[in-house]
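Structural description and commentary
Each chain, written out:
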Amino acid sequence: MSKPTIVVLEGDQTGQELLEEGLRVLDPAVTGVEVELKRYDLSLESRRATNNQIVLEAAQAMKEAGFGLKAATITPEKAGDVGSPNAILREQINGTVIVRTGRRIPGVRPVGGAYAPISVIRMAVDDAYGAKEWREGEGDNEIAYRTEKITRGTCRAVSEYAFMHARRMKAKVFGGPKYTVSPIYEGMLKEEMDAAAKRYADVRYEPQLIDATYALLLTNSGDPMVIPALNRDGDCLSDLVLQMFGTIAGAESLLLAFDKDFKVNVVMAEAPHGTAPSLEGKNVANPMAMILASAALLDYIDTPQANMAARAISEATLEAVYDGVRTADLGGHTTTTDFTDEVIRRVKTKMEVWPSLGN
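Residues numbered from 1 in each chain as written. Predicted model: local features only at pLDDT ≥ 70, side-chain atom pairs only at ≥ 80, totals over all residues. Heavy atoms only, no water.

1. Structural notes on the packing of aromatic side chains
Here is the rule we go by: In summary, the pairing rule links any two rings of Phe, Tyr or Trp, Trp by its six-membered ring, whose centres are within 6.5 Å, and it sorts them by plane angle into stacked for under 30 degrees, edge-to-face for over 60 and tilted for everything else. In this analysis the charged atom, NZ for Lys or CZ for Arg, is taken to sit over a ring once it is within 6 Å of the ring centre and within 35 degrees of the ring normal.
Applying the stated criterion to the full structure yields five aromatic pairs. Lying over the aromatic face of Y179, K190 brings its terminal NZ or CZ to 4.6 Å of the ring centre.

2. So, the environment of A296
To be explicit about the condition: Each helix corresponds to a stretch of at least 4 residues labelled H or I by DSSP, and each strand to a stretch of at least 2 residues labelled E; elements are numbered beginning at the N terminus. Here the term buried applies to any residue with accessible area under 20% of the maximum for its type, exposed to any over 50%, and partly exposed to those in between, with areas from a 1.4 Å probe on protein chains only. Residues count as neighbours in contact if any of their non-hydrogen atoms are within 4.5 Å of one another.
Examined against the element boundaries, A296 turns out to sit in helix α10 (residues 288-301). What makes A296 buried here is its relative accessible area of 13%. In this structure, the C-alpha to C-alpha distance between A296 and L254, residues 42 residues apart in sequence, is 8.2 Å. Discounting chain neighbours no more than four positions away, the residues touching A296 are E252 and L254.

3. So, unusual backbone geometry
Trans peptide bonds make up most of the peptide bonds, and negative phi angles are found at most residues other than glycine. Even without glycine at this site, D126 takes up a positive phi of about 65 degrees. Along the chain, the position of D126 falls in the loop between β5 (118-123) and β6 (127-136). Positive phi, close to 60 degrees, is recorded for N283, a residue that is not glycine. Tracing the chain through its elements places N283 in the loop between β12 (264-270) and α10.

If you want it as structure tokens, here you go:
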């Protein structure tokens, strides 16, 4: 059986530094899982030099391999520049769903008593991102317009995966769009959520408007939840949810593409945070998210050894934090590389011990 290929999408500033930490954990000497790494330089300099051709090549490689691990990248603010590679990657691999799960970090006090996992299942394309925008008029009469769109296929993918994910988590599907104000546009997602609820009758379903979802998050914090969302709603909501558990650097982000039967055929894992230029070169950034992204990717490779390694990495990461091995954002003094060293030490131990126990 040939080795699985992971397409490594290199990035910028601290994002690139943390990617290297995630790759250290994926070393076959640590996990026992032989993988081939195929690197593409998606730094801002490279994207500009190739006019984004490197992004297209990376996307094609991911479609062929099925697996990608991406560093955070700079999105230039100036109009007419190369823009964000994320939109290109999502479109090229037909990625329709982004999954981010806030979970309790042992030893770190969450906000508002949020202990049970909360997953945000968000559209990866369309909605406010990529919308056509223009202005007309002058002075106080100047008007700004924006034309957004969503597709039923994307709404169906978000809804279907939300219920699939909730069934695995033994969670309830909670929340939804503001369909009362926007019955045609946002109502399309609600229609697909309702249809999925009928197909997954065993999954608890509590639809809420998006504003009520925000308000009720803290009062429902004891229940595992899966929240389907429009693109921008989900972007904002996932940042809040992750921070409720202590840090936005405490969880991975997954971009998923599906076949016609909603089986995942491409997964790209990354950290949900940005390039953190103020931390570059200081060896203080939290590598948890990139390490957990690496673990999630192994889990999708779906062999016994890869599944065991994924569990070992995830457990080792959370155990290290519980035992006080923490970077500054979690109130500790551990450096980036020292944290990764500790995770690697623990993973190696688990991978040696577990087979002896029949795990």
